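Examining the three-dimensional arrangement
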Amino acid sequence: LADLSLSVCISSRELFSPSQKYQLLVYHADSLFHDKEYRNAVSKYTMALQQKKALSKTSKVRPSTGNAASTPQSQCLPSEIEVKYKMAECYTMLKQDKDAIAILDGIPSRQRTPKINMMLANLYKKAGQERSSVTSYKEVLRQCPLALDAILGLLSLSVKGAEVASMTINIIQSIPNLDWLSVWIKAYAFVHTGDNTRAINTICSLEKKSLLRDNVDLLGSLADLYFRAGDNKNAILKFEQAQMLDPYLIKGMDVYGYLLAREGRLEDVENLGCRLFNISDQHAEPWVVSGCHSFYSKRYSRALYLGAKAIQLNSNSVQALLLKGAALRNMGRVQEAIIHFREAIRLAPCRLDCYEGLIECYLASNSIREAMVMANNVYKTLGANAQTLTLLATVCLEDPVTQEKAKTLLDKALTQRPDYIKAVVKKAELLSREQKYEDGIALLRNALANQSDCVLHRILGDFLVAVNEYQEAMDQYSIALSLDPNDQKSLEGMQKMEKEESPTDATQEEDVDDMEGSGEEGDLEGSDSEAAQWADQEQWFGMQ
């Protein structure tokens, strides 16, 4: 309709006034924007601004004598600021952030609305202009003290929690039942400094308060923090609680799907992906969940495609970058994978799994020195916790010179968290190299006392085979396969045992020579299998 009206306007200039033509151009641009024709929309918005400029000049030359007639019409016209904001939105959708910044920068500071400052802050942050981003976020908070996205933006840029809280103190004191906000700011300050333990404790205290009990956003944040801290069991539990409270929840479901896939619950992952696609296919999360299903089904090309699609929908999706990076790594395209893991680190500098993925790439390309430098940097930046100690030990295990250092680091990690699965696995790998199978069995039994994990059960089975405890080894492989039916190594271990004769069966054979030959061959085969299993052990955590 706007297009037809504009054609009529051009043919018959007296039919529409200049202000009406301006209004028509904006309507036309808005309709193009909603139809996702962003370049065309920018063109029409530009024409509208030119028309508005001409209109302003005409008004100055011939000032209106009838204020009563002109005022309602001028009040109905869209402002130039709003048009420029729409143009900036178009540019962001076209990935032309520099043009978006240029448009918004052209608006005088005093005329910038909170949403303009918010968009500017996000664009500056993305462009790495942190000082300008902080200034814009602070301006948003000055105008809207309860703008939580602006608070999170400042905290993500390393602004102190106390400083951010001081900007909201007046509003907190003036509104009843808002005292929780200062605790909320404190919690997310811990989140953005990587202090997961204190962040979890603070959010738990918030979640227990009657005013915020069963809050889906808090539960999602808590689940994400448990995941970052390596407590996958509690992470899954909290995601499930959030999902029960809000069946249409999308935020955080990519991490939830990834955790389910790692647990071997591929049927649940598939169901989750289908449910999310029914909610919306315009978010990255459904594509990431579907990609995790493909990745853990060893369909890496499909996982790569789904990860790329998720990034196309949301270039800031850390989980999508990790998925695509892991798929590229497993397809042998290590250098491309490194680019994706580095981008994930830029977006989430406190997430250890981003660094783990990059270090895995370095190790895969035999760049042990780069891996060691990165692991040491993570250790110094995020602190000496069980996760960073284990990550550094993982790199040390690759160099024969640093084996003792790896052992010390793993002992420290297990002292802090005896149930930390990655540390247990790496310590078991070290004990296997030293052929200390009894020590390894004791370590694994202790780790499995309060938890059940497919990888731990499988490794325990391997160790039991090494000490000739065949029946219990078979039981451990069975438990591992019940937890993850797709675990190929457990299946191979069980099949190997079924094919081989146990020593008791061998003694019942009449032909002693055949018995001895069979026994020796079995031992050699077991030894080769053991070596092959541990040689591939670094792949245990999939797409980290």
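The numbering scheme is per chain: residues are counted from 1 as the chain's sequence reads. Given that this is a predicted model, residues contribute local features only at a pLDDT of at least 70 and side-chain atom pairs are listed and counted only at 80 or more, while totals for whole chains, interfaces and linings are drawn from all residues. Derived side-chain values reflect all non-hydrogen atoms in the structure, with water molecules and hydrogen atoms excluded from consideration.

Observations concerning the overall build of the protein
The helix count covers DSSP runs of H or I at least four residues long, the strand count covers runs of E at least two residues long, and both are numbered beginning at the N terminus. When its secondary structure is counted, the protein shows 32 helices and zero strands. Going through the 544 residues of the protein one by one, you find that 49% of them count as buried. Intrachain contacts of the protein at a sequence separation of at least 6 include 53% that bridge at least 24 residues. To be clear on the numbers: accessible area is Shrake-Rupley with a 1.4 Å probe, and residue cover counts the displayed protein chains and nothing else. Entry remark: accessible area of the protein is about 27600 Å², with carbon and sulfur atoms responsible for 51%. The rule is simple: take the accessible area with a 1.4 Å probe, protein chains only, and divide by the maximum for that residue type; under 20% is buried, over 50% is exposed, in between is partly exposed. Two residues qualify as a contact provided that any one of their heavy atoms is within 4.5 Å of a heavy atom in the partner residue.

Describing the side chain of Ser280
If you trace the backbone, Ser280 turns up in the loop between helix H17 (266–279) and helix H18 (284–296). Since its relative accessible area comes to 14%, Ser280 is described here as buried. Polar contacts involving the side chain of Ser280 include one to the side chain of His283, which spans 2.9 Å. Every residue in contact with Ser280, bar those within four places of it in the chain, is listed here: Ile250 and Pro286. A 3.5 Å cut-off defines polar contacts: any pair of N or O atoms within that distance qualifies, except that in protein one atom must be a possible hydrogen donor and the other a possible acceptor, and neighbouring residues in sequence count only when both atoms are side-chain atoms.

Some words on unusual backbone geometry
For Lys36, which is not a glycine, the phi torsion comes out positive at approximately 65°. Note on placement: Lys36 falls in the loop between helix H2 (18–34) and helix H3 (38–61). Note on Lys36: relative accessible area 54%, which makes it exposed. The phi torsion at Asn468 lies on the positive side, around 70°, for a residue other than glycine.

Section: the pattern of salt bridges
Put simply, a salt bridge is a Lys or Arg side-chain nitrogen that is within 4 Å of an Asp or Glu carboxyl oxygen. Applying the stated criterion to the full structure yields 19 salt bridges. Between Glu139 and Arg142 there is a salt bridge; the shortest N-O distance is 2.5 Å. Taken together, the positions of Glu139 and Arg142, both in helix H8 (residues 130–143) and three residues apart, correspond to about one turn of that helix. Judged by relative accessible area, Glu139 falls into the partly exposed class, the value being 24%. The class of Arg142 is exposed, set by a relative accessible area of 57%. In this structure, Glu429 engages Lys426 in a salt bridge whose closest nitrogen and oxygen atoms are separated by 3.3 Å. You can see Glu429 and its partner Lys426 sitting in helix H26 (residues 421–433), three residues apart, about one turn around the helix.

Digging into helix H20 (residues 318–330)
Expected helix span is computed as 1.5 Å times (number of residues minus one). End to end, H20 covers 18 Å across 13 residues, agreeing with the expected 18 Å (1.5 Å per residue, within 8%). By the criterion of burial, H20 is predominantly enclosed, with twelve of the 13 residues buried. Among the residues making up H20, those that are buried are Val318, Gln319, Ala320, Leu321, Leu322, Leu323, Lys324, Gly325, Ala326, Ala327, Leu328 and Arg329. In the segment just after H20, Gly332 is the residue with positive phi, at about 85°.

What to know about helix H9 (residues 148–156)
Because an α-helix packs 3.6 residues into every turn, residues spaced three or four apart end up facing the same way. Looking only at H9, the buried set comprises Ala150, Ile151, Gly153, Leu154 and Leu155. Summarising the contacts, the buried residues of H9 are in contact with helix H7 (114–126), H8, helix H10 (161–166) and helix H12 (180–192). Phi turns positive one or two residues past the end of H9, at Ser158, with a value near 70°.

Focus: the confidence of the model for the protein
Per-residue confidence from the prediction method is given by pLDDT, with values spanning 0 to 100. Per-chain confidence: the protein averages 85 in pLDDT, with 88% of residues scoring 70 or above. This model gives residues 62–72 a pLDDT under 50, and the stretch forms one contact once residues within four places in sequence are excluded. Considering only residues more than four positions removed or in separate chains, one finds that residues 506–544, a stretch of pLDDT under 50, has 63 contacts.

Quick look at the UniProt feature "repeat: TPR" (unreviewed entry) in the protein
As recorded in UniProt, the feature "repeat: TPR" (unreviewed entry) lies at residues 216–249, 318–351 and 454–487. Secondary structure content for residues 454–487 is 79% helix and 0% strand, while the C-alpha to C-alpha distance between its ends is 8 Å. UniProt positions are given in the numbering used here, feature names are shortened, and annotations may be inferred rather than shown by experiment.

Some thoughts on the nonpolar core
As used here, the term nonpolar core means buried Ala, Val, Leu, Ile, Met, Phe, Trp, Tyr and Cys residues forming a set that is joined through side-chain atoms within 4.5 Å. Membership of the largest hydrophobic core comes to 138 residues, with the highest contact counts inside it found for Val164, Trp184, Ile359 and Leu444. The element contributing the most residues to this core is H12, with nine residues. Not counting the four nearest positions on each side in its chain, Ile359 is found in contact with Ala371, Met374, Ala375, Leu391 and Val395. Of all hydrophobic cores here, the second largest spans 32 residues; its members include Ala41, Tyr45, Ala88 and Ile107.

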